[in-house]
Amino acid sequence: MSRWLVAIVGRPNVGKSTLFNRIIGQRDAIVHDLPGVTRDRHYAEADWAGKTFSIVDTGGYVPASEDVIEIAIREQAEVAINEADVVMFVVDGEAGLLPTDIEIAEILRKAEKKVVLIVNKIDSEKREPSLGEFYKLGLGEPIPTSALVGRKVGDLLDVVTGDFNVSETQESDPRLKIAIIGKPNVGKSSLVNALLQEERNIVTDMPGTTRDPIDAILKYYGEEIVLVDTAGLRRKSKVKESIEFFSTVRALKSIERCDVAVVVIDAQQGLEHQDLRIIETAIERKRAVVIVVNKWDLIEKDETTAKTLEKALKGKLRIYDFIPLMFISALTKQRIYKVVELVKKVDIEQNKRVSTSELNDLLGADIKAFPPRSRSGKEIKVNYVTQVNSKPPVFAFFCNEPKLIDDNYRRYLENKIREHFRFDGVPVVLSFKSKN
Ligand code: GDP
Ligand code: GDP
């Protein structure tokens, strides 16, 4: 199911990040095994009244240098209008209307997208009469909020999610869909071009001006494979923060639409924080992932280089070390078609079904060898395991005390599943249920 995307735009200091944090509430507090990865993300999943959506805050992408701030805000508003389903435009009820607000409103008015005008810092009812001037923006009725104290945020979310359909129908394209994602400059467009055997230069379009078909089709031994949103790779900007914002939004959207995500990293840079964040996002969305280490031509190599580097990278991946990696050069086209082969392999893995008897034979023995123990010493019995779904694979463990199974034991079982049945690159879901 494709997910709705909401973007928060507006001048600095109007309260965008305060609002963002209030909307995502506790969700971001989930502590992962990879310390720090989740914490400074400027996008997250949120839900309101059973409607889930992704939300991204442009407030996280503000340049440090004053002279490009205005450009960045404008560019990001344009991207938001193009890519998001709903744009939340925040202005400051305390400071009143400023010229930049009027400029942003002009961009937003042109698009046929739902824009919700939010006048923030209206901390009490007393201040509401001052809303009048904001009607001038031509974006309809302003909604007064206080992100700080949480005033009217619920009403706001009702409006934002008003058109979100809970039961949206799925795209039923049988072709394999690949998203090529990663930080700026790792070589994503070079890889796409190499695969498509096109030597054309990347056009330097301003965001919002590309109206090309979004996807590219790769013919692979007669099979059509969809490379999702390759047009999105062409957006360029001189402002580093804007580029980061584009690639975040693009990654969020293309992960949604893909069967397998190819995360490209730069061999010279190794695995950085931002790479891990992208990988984490794909895995959270239960997408199969492969990592492609690009610019391999720039690495001084001897016999052991690849092995050593692979080991170092796997170490950094930690709980995501089930993701396969390979080394390529988009420039020299070294091994680029192996990427497609690996993707296809991982796609087969995610559709795989393990028989119940095989699962119980092998995992049954593992559970017997190392039974779960509750902290209070209560006996936990796992009676039966079966794979209830694929893509992503879901394994249901039936036991007497499902709530007492702790994270360590989950990980033990996940490791055993991978030891026996691989599922390379595929996030697996373990679900513990009462035995009856
Ligand atoms: P951003 O730059 O738009 O992301 O703005 P921030 O969320 O960082 O907020 C800027 C400042 O405004 C901070 O000092 C916030 O505490 C304050 N602020 C945010 N929302 C409100 C609000 O609803 N009422 C008041 N009084 N202050 C707020
Ligand atoms: P994107 O922003 O991830 O789409 O990255 P690009 O494809 O635009 O590549 C960024 C820069 O890296 C360009 O200058 C490319 O020529 C260069 N590049 C891409 N792949 C390779 C590679 O395999 N080897 C080398 N040496 N350079 C590469």
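Here, every reference points to the structure presented above.
Residues numbered from 1 in each chain as written. Chains lettered and ligands numbered in written order. Predicted model: local features only at pLDDT ≥ 70, side-chain atom pairs only at ≥ 80, totals over all residues. Heavy atoms only, no water.

J.: Account for the sheet that holds strand β9 (residues 223–228), with residues named and values stated.
T.: Reading across from one edge, β8-β9-β7-β10-β11-β12 is the order of the six strands in this open sheet, with mixed pairing throughout. In this open sheet, the two strands that pair with only one neighbour each are β8 (216–220) and β12 (325–327). Averaged over all neighbouring strand pairs, the angle between strand axes comes to 30°, with direction disregarded. Where strand β7 (residues 176–181) and β9 come together, four bridges link them in parallel fashion. Residue Leu176 lies in a different strand from β9, and its bridge partner there is Ile225. (Pairing = 2+ DSSP bridges. Helix = DSSP H or I, 4+ residues; strand = E, 2+ residues; numbered from the N terminus. Axes fitted to C-alpha atoms, helices over the stretch in contact; angles between N-to-C directions.)

J.: Describe the pairing of strand β15 (residues 429–434), naming the residues involved and giving the relevant values.
T.: Examined bridge by bridge, strand β14 (residues 394–399) and β15 share six bridges and lie parallel to one another. Across the sheet, residue Val394 finds its bridge partner in β15, namely Val429. The parallel pair β14 and β15 is bridged by helix α11 (residues 407–421), and the resulting crossover is right-handed. (Right-handed = clockwise from strand over helix to strand, strands pointing away.)

J.: Can you explain the site of ligand 1? Please cite residues and give values.
T.: Neighbouring ligand 1 are 15 residues; Asn13, Lys16, Ser17, Thr18 and Asp123 lie closest to it. Contacts to ligand 1 include Gly15, whose backbone N or O atom sits 3.0 Å from an oxygen atom. In this structure, Asp123 approaches ligand 1 through a side-chain N or O atom, which is 2.7 Å from a nitrogen atom. Relative to its unbound accessible surface of 580 Å², ligand 1 loses 73% to contact with the protein. Tallying contributions element by element places helix α1 (residues 16–24) first for the shell around ligand 1, with three residues. For the shell around ligand 1, the class distribution of residues is four nonpolar, six polar and five charged. (Near = heavy atom within 4 Å. Polar contact = N/O pair within 3.5 Å; in protein donor to acceptor, adjacent residues only side chain to side chain. Areas by Shrake-Rupley, 256 points an atom, 1.4 Å probe, with all protein chains shown as cover. Nonpolar A, V, L, I, M, F, W, Y, C, P; charged D, E, K, R; others polar.)

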